[in-house]
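Structure assessment
Below, each chain spelled out in residue letters.
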Amino acid sequence: MKILIVDDEHLARERLKSLIARFPAYRVIGEAGDGKSALDRIAQMEPDIVLLDIRMPGMDGLQVARALTVMTLPPAIIFTTAYSEHALSAFDTAACAYLLKPVRREKLAEALKQARRPSKAQLEVLAQSTSGRRNPARSHIIATTRDGQKRIPVEDILFFEADQKYTTVHHLQGEVLIEESLRQLEADLLPQFLRVHRKILVNTAYITNLHRAETLGSHGGELQLRHTEKTLPVSRRRLAEVRRLLFKGS
(Lines give C-alpha, C1' and ligand atoms only; values in the text may rest on other atoms or scores of the structure.)
Protein backbone atom coordinates (compact mmCIF):
# COMPACT_ATOMS: atom_id res chain seq x y z
CA MET A 1 0.00 0.00 0.00
CA LYS A 2 1.22 3.49 -0.87
CA ILE A 3 1.86 5.91 2.00
CA LEU A 4 2.38 9.67 2.08
CA ILE A 5 3.99 11.18 5.21
CA VAL A 6 3.02 14.72 6.23
CA ASP A 7 4.91 16.41 9.07
CA ASP A 8 6.61 19.79 9.36
CA GLU A 9 9.59 18.22 11.19
CA HIS A 10 12.18 16.50 9.00
CA LEU A 11 13.35 14.17 11.80
CA ALA A 12 9.78 13.02 12.44
CA ARG A 13 9.35 12.16 8.75
CA GLU A 14 12.63 10.25 8.73
CA ARG A 15 11.64 8.25 11.82
CA LEU A 16 8.32 7.25 10.25
CA LYS A 17 10.05 6.23 7.03
CA SER A 18 12.46 4.00 8.95
CA LEU A 19 9.58 2.36 10.82
CA ILE A 20 7.52 1.78 7.68
CA ALA A 21 10.55 0.22 5.95
CA ARG A 22 10.13 -2.73 8.35
CA PHE A 23 6.72 -3.54 6.88
CA PRO A 24 7.15 -5.01 3.37
CA ALA A 25 3.51 -4.55 2.39
CA TYR A 26 3.81 -0.76 2.68
CA ARG A 27 5.79 1.75 0.63
CA VAL A 28 6.43 5.46 1.24
CA ILE A 29 5.82 7.25 -2.08
CA GLY A 30 6.33 10.82 -0.89
CA GLU A 31 6.34 13.34 1.92
CA ALA A 32 5.22 16.89 2.64
CA GLY A 33 6.15 19.46 5.28
CA ASP A 34 2.95 21.52 5.30
CA GLY A 35 -0.78 21.23 4.65
CA LYS A 36 -0.92 22.89 1.24
CA SER A 37 1.90 20.74 -0.13
CA ALA A 38 0.16 17.70 1.33
CA LEU A 39 -3.04 18.38 -0.61
CA ASP A 40 -1.08 18.88 -3.83
CA ARG A 41 0.89 15.64 -3.38
CA ILE A 42 -2.23 13.66 -2.45
CA ALA A 43 -3.92 14.84 -5.65
CA GLN A 44 -0.84 13.95 -7.72
CA MET A 45 0.24 10.68 -6.09
CA GLU A 46 -3.09 9.19 -4.91
CA PRO A 47 -1.74 7.41 -1.79
CA ASP A 48 -3.74 4.71 -0.03
CA ILE A 49 -2.77 6.02 3.43
CA VAL A 50 -1.71 9.44 4.73
CA LEU A 51 0.27 9.69 7.97
CA LEU A 52 -0.72 13.20 8.97
CA ASP A 53 0.67 15.44 11.69
CA ILE A 54 -1.92 17.76 13.25
CA ARG A 55 -0.06 20.80 14.56
CA MET A 56 1.66 22.42 11.57
CA PRO A 57 2.14 26.08 10.62
CA GLY A 58 -0.44 27.46 8.22
CA MET A 59 -2.95 24.80 7.21
CA ASP A 60 -3.00 22.22 10.02
CA GLY A 61 -3.66 18.49 9.78
CA LEU A 62 -7.33 18.73 10.76
CA GLN A 63 -7.94 21.22 7.95
CA VAL A 64 -6.18 18.91 5.50
CA ALA A 65 -8.33 15.98 6.62
CA ARG A 66 -11.54 17.95 6.22
CA ALA A 67 -10.46 19.08 2.75
CA LEU A 68 -9.92 15.44 1.76
CA THR A 69 -13.52 14.49 2.52
CA VAL A 70 -14.63 16.08 -0.76
CA MET A 71 -12.49 13.68 -2.82
CA THR A 72 -14.24 10.95 -4.79
CA LEU A 73 -12.23 8.31 -2.91
CA PRO A 74 -10.18 9.85 -0.08
CA PRO A 75 -7.14 8.06 1.37
CA ALA A 76 -7.23 6.51 4.83
CA ILE A 77 -5.88 8.95 7.43
CA ILE A 78 -3.64 8.11 10.38
CA PHE A 79 -2.89 11.11 12.61
CA THR A 80 0.54 11.34 14.25
CA THR A 81 0.89 14.02 16.90
CA ALA A 82 2.38 14.84 20.27
CA TYR A 83 -0.88 16.35 21.53
CA SER A 84 -3.51 13.96 22.86
CA GLU A 85 -6.15 16.69 23.22
CA HIS A 86 -6.69 16.59 19.44
CA ALA A 87 -7.99 13.01 19.46
CA LEU A 88 -11.73 13.80 19.42
CA SER A 89 -11.39 16.32 16.59
CA ALA A 90 -9.25 13.84 14.69
CA PHE A 91 -11.92 11.15 14.73
CA ASP A 92 -14.57 13.69 13.70
CA THR A 93 -12.70 13.93 10.38
CA ALA A 94 -13.10 10.17 9.73
CA ALA A 95 -9.51 9.31 10.64
CA CYS A 96 -9.00 5.56 11.02
CA ALA A 97 -6.28 5.82 13.72
CA TYR A 98 -4.53 8.25 16.04
CA LEU A 99 -0.89 7.79 17.11
CA LEU A 100 0.94 9.74 19.79
CA LYS A 101 4.58 10.68 19.27
CA PRO A 102 7.08 9.21 19.61
CA VAL A 103 5.37 6.59 17.45
CA ARG A 104 6.04 3.02 18.55
CA ARG A 105 6.51 0.25 16.03
CA GLU A 106 3.74 -1.98 17.41
CA LYS A 107 1.23 0.90 17.53
CA LEU A 108 2.08 1.83 13.95
CA ALA A 109 1.56 -1.79 12.88
CA GLU A 110 -1.93 -1.79 14.46
CA ALA A 111 -2.81 1.51 12.79
CA LEU A 112 -1.67 0.30 9.38
CA LYS A 113 -3.85 -2.79 9.74
CA GLN A 114 -6.83 -0.58 10.56
CA ALA A 115 -6.04 1.55 7.52
CA ARG A 116 -6.51 -1.49 5.29
CA ARG A 117 -10.21 -1.16 6.02
CA PRO A 118 -12.01 1.74 4.30
CA SER A 119 -12.39 4.88 6.40
CA LYS A 120 -15.82 6.29 7.21
CA ALA A 121 -15.47 8.81 4.40
CA GLN A 122 -14.54 6.06 1.94
CA LEU A 123 -17.48 3.90 3.03
CA GLU A 124 -19.88 6.79 2.42
CA VAL A 125 -18.56 7.16 -1.13
CA LEU A 126 -18.81 3.42 -1.74
CA ALA A 127 -22.37 3.35 -0.42
CA GLN A 128 -23.36 6.14 -2.80
CA SER A 129 -21.79 4.43 -5.81
CA THR A 130 -23.38 1.04 -5.11
CA SER A 131 -26.82 2.58 -4.65
CA GLY A 132 -26.59 4.28 -8.03
CA ARG A 133 -26.37 7.80 -6.62
CA ARG A 134 -23.65 10.21 -7.64
CA ASN A 135 -21.34 11.79 -5.11
CA PRO A 136 -23.13 15.02 -4.11
CA ALA A 137 -21.58 18.30 -5.25
CA ARG A 138 -20.15 20.66 -2.66
CA SER A 139 -22.76 23.02 -1.29
CA HIS A 140 -20.43 25.17 0.84
CA ILE A 141 -16.86 26.43 0.99
CA ILE A 142 -15.37 26.50 4.49
CA ALA A 143 -12.92 29.28 5.39
CA THR A 144 -11.00 29.61 8.65
CA THR A 145 -11.10 33.22 9.90
CA ARG A 146 -10.15 35.02 13.12
CA ASP A 147 -13.77 34.60 14.21
CA GLY A 148 -13.80 30.85 13.58
CA GLN A 149 -14.93 28.79 10.62
CA LYS A 150 -17.19 30.46 8.06
CA ARG A 151 -19.47 28.44 5.75
CA ILE A 152 -20.12 30.14 2.41
CA PRO A 153 -22.86 28.71 0.17
CA VAL A 154 -21.47 27.93 -3.28
CA GLU A 155 -24.45 29.67 -4.86
CA ASP A 156 -23.36 32.95 -3.16
CA ILE A 157 -19.82 32.85 -4.59
CA LEU A 158 -19.10 35.19 -7.51
CA PHE A 159 -15.58 33.99 -8.32
CA PHE A 160 -12.35 32.58 -6.91
CA GLU A 161 -9.04 34.39 -7.42
CA ALA A 162 -5.70 32.65 -6.85
CA ASP A 163 -2.73 34.57 -5.48
CA GLN A 164 0.39 32.54 -4.66
CA LYS A 165 -0.44 30.19 -1.76
CA TYR A 166 -3.95 31.53 -1.06
CA THR A 167 -7.24 31.74 -2.95
CA THR A 168 -9.62 34.64 -2.38
CA VAL A 169 -13.31 33.77 -2.33
CA HIS A 170 -15.36 36.72 -3.61
CA HIS A 171 -18.95 36.23 -2.46
CA LEU A 172 -22.12 38.26 -1.98
CA GLN A 173 -21.19 39.25 1.58
CA GLY A 174 -17.52 40.04 1.04
CA GLU A 175 -14.21 38.20 0.71
CA VAL A 176 -12.36 35.45 2.61
CA LEU A 177 -9.10 33.58 2.09
CA ILE A 178 -8.82 29.80 1.76
CA GLU A 179 -5.88 27.50 1.01
CA GLU A 180 -7.55 25.26 -1.58
CA SER A 181 -6.14 25.34 -5.10
CA LEU A 182 -8.15 26.47 -8.12
CA ARG A 183 -7.52 23.07 -9.67
CA GLN A 184 -9.28 21.29 -6.81
CA LEU A 185 -12.09 23.83 -6.70
CA GLU A 186 -12.61 23.56 -10.45
CA ALA A 187 -12.82 19.77 -10.26
CA ASP A 188 -15.34 19.95 -7.41
CA LEU A 189 -17.54 22.72 -8.82
CA LEU A 190 -17.86 21.97 -12.53
CA PRO A 191 -19.97 22.76 -14.51
CA GLN A 192 -21.31 25.65 -12.41
CA PHE A 193 -17.88 27.33 -12.33
CA LEU A 194 -15.69 28.04 -15.35
CA ARG A 195 -11.94 28.71 -15.44
CA VAL A 196 -11.52 31.90 -17.47
CA HIS A 197 -7.89 32.59 -16.54
CA ARG A 198 -5.15 30.65 -14.79
CA LYS A 199 -5.93 32.70 -11.66
CA ILE A 200 -9.71 33.09 -12.01
CA LEU A 201 -12.61 30.63 -11.56
CA VAL A 202 -16.04 32.21 -12.16
CA ASN A 203 -19.59 31.28 -11.20
CA THR A 204 -21.27 31.26 -14.63
CA ALA A 205 -24.62 32.25 -13.09
CA TYR A 206 -23.30 35.77 -12.44
CA ILE A 207 -21.71 36.50 -15.85
CA THR A 208 -23.46 39.41 -17.63
CA ASN A 209 -21.12 40.46 -20.43
CA LEU A 210 -17.86 39.79 -22.23
CA HIS A 211 -15.76 42.57 -23.74
CA ARG A 212 -13.07 41.74 -26.24
CA ALA A 213 -10.31 44.28 -26.81
CA GLU A 214 -7.00 44.19 -28.60
CA THR A 215 -5.47 46.54 -26.03
CA LEU A 216 -5.63 44.07 -23.14
CA GLY A 217 -2.13 42.68 -23.66
CA SER A 218 -2.06 38.93 -23.03
CA HIS A 219 -5.76 38.95 -22.10
CA GLY A 220 -8.36 38.02 -24.67
CA GLY A 221 -11.17 39.89 -22.98
CA GLU A 222 -12.82 41.03 -19.77
CA LEU A 223 -15.90 39.71 -17.99
CA GLN A 224 -18.52 41.67 -16.17
CA LEU A 225 -20.45 40.03 -13.32
CA ARG A 226 -23.57 40.93 -11.40
CA HIS A 227 -23.07 42.30 -7.86
CA THR A 228 -19.52 43.56 -8.45
CA GLU A 229 -17.93 46.45 -10.32
CA LYS A 230 -14.70 44.54 -10.74
CA THR A 231 -14.01 43.23 -14.26
CA LEU A 232 -12.18 39.91 -14.64
CA PRO A 233 -9.52 39.06 -17.22
CA VAL A 234 -10.19 36.26 -19.72
CA SER A 235 -7.09 34.64 -21.17
CA ARG A 236 -6.82 34.28 -24.94
CA ARG A 237 -6.85 30.48 -24.72
CA ARG A 238 -10.09 30.56 -22.68
CA LEU A 239 -11.86 33.19 -24.78
CA ALA A 240 -13.56 30.84 -27.26
CA GLU A 241 -14.95 28.66 -24.44
CA VAL A 242 -16.37 31.69 -22.63
CA ARG A 243 -17.96 32.97 -25.83
CA ARG A 244 -19.59 29.59 -26.48
CA LEU A 245 -21.03 29.63 -22.98
CA LEU A 246 -22.44 33.15 -23.28
CA PHE A 247 -23.85 32.88 -26.76
CA LYS A 248 -25.05 29.29 -26.98
CA GLY A 249 -28.56 29.11 -28.34
CA SER A 250 -28.45 32.69 -29.64
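Provided above is the structure to which this section pertains.
The present account deals with the structure reproduced in this document. Owing to the predicted nature of the structure, the values given are computational and were not obtained by experimental measurement.

As a further point, take helix H7 (residues 182–189). All of the buried residues along H7 are Leu 182, Leu 185, Glu 186, Asp 188 and Leu 189. One face of H7 carries all of its buried residues, which in axial projection span an arc of 165 degrees.

Below, the discussion takes up the sheet that holds strand E4 (residues 76–81). Backbone hydrogen bonds hold the strands of a sheet together, and the pairing may be parallel or antiparallel. As summarised here, the arrangement of the five strands in space is E2-E1-E3-E4-E5, forming an open sheet in which the pairing is parallel. Bordering the open sheet on either side are strand E2 (27–32) and strand E5 (97–100), each of which pairs with just one other strand. For this sheet the average axis-to-axis angle between neighbouring strands, irrespective of direction, equals 20 degrees. Lying on the sheet, helix H1 (residues 10–20) is in contact with strand E1 (2–6), E2, strand E3 (49–53) and E4; it crosses E2 at an angle near 170 degrees.

Turning to unusual backbone geometry, a few remarks are in order. Of the consecutive residues Lys 101 and Pro 102, the connecting peptide bond is found in the cis state with omega at -5 degrees. Within the secondary structure layout, Pro 102 lies in the loop between E5 and helix H5 (105–115). In this model, Leu 190 is joined to Pro 191 through a cis peptide bond whose omega is 0 degrees. Note on placement: Pro 191 falls in the loop between H7 and strand E11 (193–197). For Glu 46, which is not glycine, the phi torsion reads 50 degrees and is therefore positive. One can find Glu 46 in the loop between helix H2 (35–45) and E3. Even without being glycine, Gln 164 reaches a positive phi, approximately 55 degrees. For Gln 164, the position within the fold is in the loop between strand E8 (157–163) and strand E9 (166–171).

This part is about the pairing of E4. The element E4 is extensively covered by neighbouring structure, given that six of its six residues are classed as buried. Looking at chain direction, E3 and E4 are connected through five bridges and run parallel. Looking at E4, one finds that Val 50 is bridged to Ile 77. Pairing between E4 and E5: four bridges, direction parallel. Bridge pairing in E5 places Thr 80 opposite Leu 99.

On to H1, then. Buried within H1 we find Ala 12, Arg 13, Leu 16, Leu 19 and Ile 20. Viewed end-on, H1 has its buried residues packed into an arc of 125 degrees, placing them on one side of the element. Tucked inside the fold, the buried residues of H1 contact E1, E2, E3, E4 and H5.

This part is about the layout of surface pockets. In this model, the second largest pocket occupies a volume close to 510 Å³. Forming the walls of the second largest pocket are 21 residues, and the residues nearest its centre are Gln 63, Arg 138, Ile 142, Ala 143 and Glu 180. Of all elements in the fold, only helix H3 (61–68), strand E6 (140–145), strand E7 (148–153) and strand E10 (174–178) reach the threshold of two or more residues within the lining of the second largest pocket. A total of five residues in the lining of the second largest pocket trace back to one element, the largest contributor, which is E6. Of the residues that constitute the lining of the second largest pocket, the class distribution is nine nonpolar, seven polar and five charged.

For the structure shown, the criterion picks out nine salt bridges. Of the charged contacts in the structure, one is a salt bridge between Glu 161 and Lys 230, with a shortest N-O distance of 3.1 Å. One end of the pair, Glu 161, is in strand E8; the other, Lys 230, is in the loop between strand E14 (219–225) and strand E15 (232–235), and 69 residues separate them in sequence. On the basis of relative accessibility, which here comes to 22%, the residue Glu 161 falls in the partly exposed class. When its relative accessible area of 36% is taken as the criterion, Lys 230 is described as partly exposed. In this structure, a network of salt bridges that share partners links the residues Arg 13, Glu 14, Lys 17 and Glu 31.

Cut-offs and rules
- Residues numbered from 1 in each chain as written.
- Predicted model: local features only at pLDDT ≥ 70, side-chain atom pairs only at ≥ 80, totals over all residues.
- Heavy atoms only, no water.
- Buried < 20%, exposed > 50% of the residue type's maximum accessible area, 1.4 Å probe, protein only.
- Helix = DSSP H or I, 4+ residues; strand = E, 2+ residues; numbered from the N terminus.
- Arc of directions from axis to C-beta.
- Pairing = 2+ DSSP bridges.
- Axes fitted to C-alpha atoms, helices over the stretch in contact; angles between N-to-C directions.
- Contact = heavy atoms within 4.5 Å.
- 1 Å grid on protein atoms, 1.4 Å probe; cavity = no way out; pocket = protein on both sides within 12 Å on 5 of 7 lines; lining within 4 Å.
- Points joined across faces, edges and corners; volume = space filled by probe spheres on them.
- Nonpolar A, V, L, I, M, F, W, Y, C, P; charged D, E, K, R; others polar.
- Salt bridge = Lys/Arg side-chain N within 4 Å of Asp/Glu carboxyl O.

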